[in-house]
Amino acid sequence: MTEGPAPETDPVHLRRRADGALELRVNGVFVMDDVETTSERLLATHVLDQGAREVLVGGLGLGFTAAEMLAQGARRVVVAELHRTVVAAVQDGHGAGPLDDDRIEIVVGDVRDVVAAQDPQSLDAICLDVDNGPDHLVHQHNAELYQPDFLHVCAERLRPGGHLVVWSWADSKELRRDLRTHFEKVTSIRVPVLLGNRESDYWLISGRKP
Ligand SMILES: C[S@@+](CC[C@H](N)C(=O)[O-])C[C@H]1O[C@@H](n2cnc3c(N)ncnc32)[C@H](O)[C@@H]1O
């Protein structure tokens, strides 16, 4: 694990629910559990199926996207995670952890800085799953990640043909519009999920660098 600056306080809570599921909460807000992880794993297979081998994932969460990257043949996986406690929990064996593999580097820090620190045209894919998407933010400080300036930084770090994929709670016409400035084949992929007894959809919004 590469250490970034220490967080102010620790807002992260992992708890085992009565139904046995492991739940991740940050600042009291539900982030995810380990029951329905279809969309997290699809985030990885979507880019690997298109040939990606050197990838950046933000954030770690319970580690399902990163673990799928490793299991499905990624050559290099850089993961950015804001909270050290989240990394420690996964490396302790919670969620899809531990992620003990020479191909992975987990950086404690903001994905903004971790993406910016990558060499130009050094990645085949950037997969962002740090918040609920542009219109349903849990953390206001993440708003910029869906804005044209950061999309541009991502495009510069990708090789031609590389993919940027954004996990989102809902489809976003605005994000698709902004992606089209730097990416082609911009599409929203609907991912049906079962939340308890309720059927719902999550979304992966994806673009390919020309
Ligand atoms: C929904 S979870 C990611 C789930 C992950 N795809 C998985 O498979 O388990 C979101 C994660 O992003 C982290 N996060 C939130 N904002 C971030 C940021 N700006 N930079 C890096 N990580 C961030 C959160 O702490 C949380 O661990």
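For the structure itself, look to the data block above.
As the structure is a computational prediction, the values presented were derived from the model and not from experiment. Per chain, residues are indexed from 1 in the order of the written sequence. Under the rules for a predicted model, residues below a pLDDT of 70 receive no local features and side-chain atom pairs below 80 are neither given nor counted, while totals for whole chains, interfaces and linings still include all residues. Water and hydrogen atoms were dropped before computing side-chain values, which therefore reflect all heavy atoms in the structure.

Colleague: Please explain unusual backbone geometry as it appears in this structure.
Modeller: Most of the time, phi is negative for any residue but glycine, and the peptide bond is trans. Put simply, glycine 58 and glycine 59 share a cis peptide bond, and its omega is -10°. Only DSSP runs of H or I covering at least 4 residues are called helices, and only runs of E covering at least 2 are called strands; the numbering of each starts at the N terminus. You can see glycine 59 is positioned in the loop between strand E4 (54–58) and helix H2 (64–71). Backbone geometry at asparagine 27 places phi at a positive 55°, although glycine is not the residue there. Within the secondary structure layout, asparagine 27 lies in the loop between strand E2 (22–26) and strand E3 (29–33). One non-glycine residue, lysine 185, adopts positive backbone phi at about 50°.

Colleague: Would you mind showing me how to read helix H1 (residues 38–48) here?
Modeller: Helical periodicity: at 3.6 residues per turn, an α-helix aligns residues three or four positions apart in one direction. The element H1 is largely enclosed, with a buried count of eight among its eleven residues. The complete set of buried residues in H1 reads Ser39, Glu40, Leu43, Ala44, Thr45, His46, Val47 and Leu48. With a 1.4 Å probe rolled over the protein chains alone, any residue whose accessible area is under 20% of its type maximum counts as buried; one over 50% counts as exposed, and the rest are partly exposed.

Colleague: I tried to follow the nonpolar core on my own but got confused; where do I start?
Modeller: For soluble globular proteins, nonpolar side chains are generally found buried alongside one another. Here the nonpolar core consists of buried residues drawn from Ala, Val, Leu, Ile, Met, Phe, Trp, Tyr and Cys, with membership extended through side-chain atoms lying within 4.5 Å. The biggest cluster of nonpolar side chains holds 37 residues, and the ones touching the most others in it are Val47, Leu60, Met69, Val77, Val79, Leu99 and Ile104. It is H2 that contributes the most residues to this core, five residues altogether. Core analysis: the next-biggest nonpolar cluster, separate from the first, contains 24 residues, Val107, Val111, Leu151 and Ile205 among them.

Colleague: In this structure, what is going on with the sheet that holds E3? I would like to understand it.
Modeller: In any sheet, the strands associate via hydrogen bonds between backbone groups, in a parallel or an antiparallel arrangement. Here three strands make up an open sheet; going across it, the order is E1-E2-E3 and the pairing antiparallel. Looking at strand neighbours, the two that pair on one side only are strand E1 (12–16) and E3, the edges of this open sheet. The mean angle between the axes of side-by-side strands here comes to 25°, regardless of whether they run parallel or antiparallel. Alignment of E2 against E3, held across four bridges, turns out to be antiparallel. Directly across from valine 26, in E3, lies its bridge partner valine 29. Between any two strands, at least two bridges found by DSSP are needed for them to pair. Note on method: axes are straight lines fitted to C-alpha atoms, helices fitted across the in-contact stretch only, with angles between N-to-C directions ranging 0 to 180 degrees.

Colleague: Would you explain the sheet that holds strand E8 (residues 158–168) in this entry?
Modeller: Taken in spatial order, the seven strands of this open sheet run E6-E5-E4-E7-E8-E10-E9, and their pairing is mixed. Every interior strand has two partners, whereas the edge strands, strand E6 (104–108) and strand E9 (184–195), have only one. In this sheet, neighbouring strand axes are inclined to one another by 15° on average, regardless of whether the strands run parallel or antiparallel. Sheet analysis places E9 next to strand E10 (residues 198–208), joined by ten bridges and oriented antiparallel. Paired with valine 191 across the two strands is tyrosine 202, which belongs to E10.

Colleague: Just to check I follow, could you spell out the packing of H1 against H2 for this structure?
Modeller: The relative placement of two packed helices comes down to the angle between their axes together with the axis-to-axis distance. Interhelical geometry of H1 versus H2 gives an angle of 35° and a closest axis separation of 7 Å. Of the two elements, H1 crosses H2, and the hand of that crossing is right-handed. Side by side, H1 and H2 meet where Glu40, Arg41, Leu43, Ala44, Thr45, Val47 and Leu48 of the first sit next to Phe64, Thr65, Glu68 and Met69 of the second. Crossings are sorted by hand: turned counterclockwise from the far helix by less than a right angle, the near helix makes the crossing left-handed, and turned clockwise it makes it right-handed. Any two residues whose heavy atoms approach within 4.5 Å at even a single point are treated as in contact.

Colleague: Even after reading the chapter, I still don't get the environment of glutamate 81, so can you show me in this structure?
Modeller: Topologically, glutamate 81 is positioned in strand E5 (residues 76–81). Within the structure, glutamate 81 has its side chain in polar contact with the backbone nitrogen of glycine 61 (distance 3.4 Å). Polar contacts, as used here, are pairs of N or O atoms within 3.5 Å; protein pairs need one atom able to donate a hydrogen and one able to accept it. Residues neighboring in sequence count only if both atoms are side-chain atoms.

Colleague: Explain the site of the ligand to me, please; I cannot follow it from the model alone.
Modeller: The cutoff for a nearby residue is simple: one of its non-hydrogen atoms must lie within 4 Å of the molecule or strand. Lining the immediate surroundings of the ligand are 22 residues, of which Leu62, Thr65, Glu81, Asp129 and Asn142 lie closest. Between the ligand and the protein, one listed contact pairs an oxygen atom with a backbone N or O atom of phenylalanine 64 at 3.0 Å. In the model, a nitrogen atom of the ligand is placed 2.9 Å from a nitrogen or oxygen of the asparagine 142 side chain. When isolated, the ligand has an accessible area of 610 Å², and the protein chains bury 97% of it. Those elements that provide at least two residues to the shell around the ligand are E3, H2 and E5. The method behind every accessible area is Shrake-Rupley, applied with a 1.4 Å probe, and residues are considered shielded solely by the protein chains displayed.

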